[in-house]
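These are the residues of each chain, in order.
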Amino acid sequence: MLAPTSLTQGSFVAVDIETTGCRPGTSSIIEIGAARIERGEIVDTLSLLVRPTEPIPAAVERLTGITDQMVASAPGIDEVIGVFAEFARGAVLLAHSHRFDLGFLDYETELVSGAPFQRPILDTLCLARELHPEIGRNNLRELAAFYGVEQVPNHRAL
């Protein structure tokens, strides 16, 4: 329920994940990145590597820069999902194209706790399309350029 959440007074957690592929259950989360926003200010960030259940494909390694060596000693998703859930507790989640991120988060959270990941969630892709129909592609790179954001989006979660 987003209606009672004030944009200037509310708590939000922007989240992104990196994975070994496109399907929850056959692919693994390898990174979770998040920023907690309170009263319009980033107050904390979280960046966690996750040990996958399969090797990282070469294409994913090239895209993200995350290697098998980087995640070899990382905790498993069963541990990391709890850390992220605690970080996000009480906040509205923000995700760009949320179906991908929440598909993985729901799958992994249901394995651990028997329930999907917390809601509500605001999909920033849908919001961008609504607010800026004049932008041809509402990907993060185009939106960053539109808003003059100096940080160039890359394929890392944080």
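Since this is a predicted model, take the numbers as computed values, not measurements. (Residues numbered from 1 in each chain as written. Predicted model: local features only at pLDDT ≥ 70, side-chain atom pairs only at ≥ 80, totals over all residues. Heavy atoms only, no water.)

**Notes on the layout of surface pockets**
For the second largest pocket, the calculated volume is near 150 Å³. Surrounding the second largest pocket, 15 residues form its lining, Ser27, Ser28, Thr53, Ile77 and Glu108 being those nearest its centre. Of all the elements, helix H4 (residues 98-113) adds the most residues to the lining of the second largest pocket, at three residues. Counted by class, the lining of the second largest pocket contains six nonpolar, six polar and three charged residues. (1 Å grid on protein atoms, 1.4 Å probe; cavity = no way out; pocket = protein on both sides within 12 Å on 5 of 7 lines; lining within 4 Å. Points joined across faces, edges and corners; volume = space filled by probe spheres on them. Helix = DSSP H or I, 4+ residues; strand = E, 2+ residues; numbered from the N terminus. Nonpolar A, V, L, I, M, F, W, Y, C, P; charged D, E, K, R; others polar.)

**So, the packing of helix H3 (residues 77-88) against H4**
Between H3 and H4, the least distance of the axes is 10 Å, while the angle of their chain directions is 105°. In terms of orientation, H3 and H4 fall into the roughly perpendicular class. On H4, the residues that touch Ile77, Asp78, Ile81 and Phe84 of H3 are Leu105, Glu108, Thr109 and Val112. Each residue belonging to the contact of H3 with H4 can be placed in one class, and the counts come to five nonpolar, one polar and two charged. (Axes fitted to C-alpha atoms, helices over the stretch in contact; angles between N-to-C directions. Parallel < 35°, antiparallel > 145°, perpendicular 65-115°, else oblique. Contact = heavy atoms within 4.5 Å.)

**Describing the confidence of the model for the protein**
For the protein, the average pLDDT comes to 92, and 97% of its residues sit at 70 or higher. Mean pLDDT in the protein bottoms out at helix H6 (residues 140-147), which sits at 87, and peaks at helix H2 (residues 68-71), which reaches 98. (pLDDT = per-residue confidence, 0-100.)

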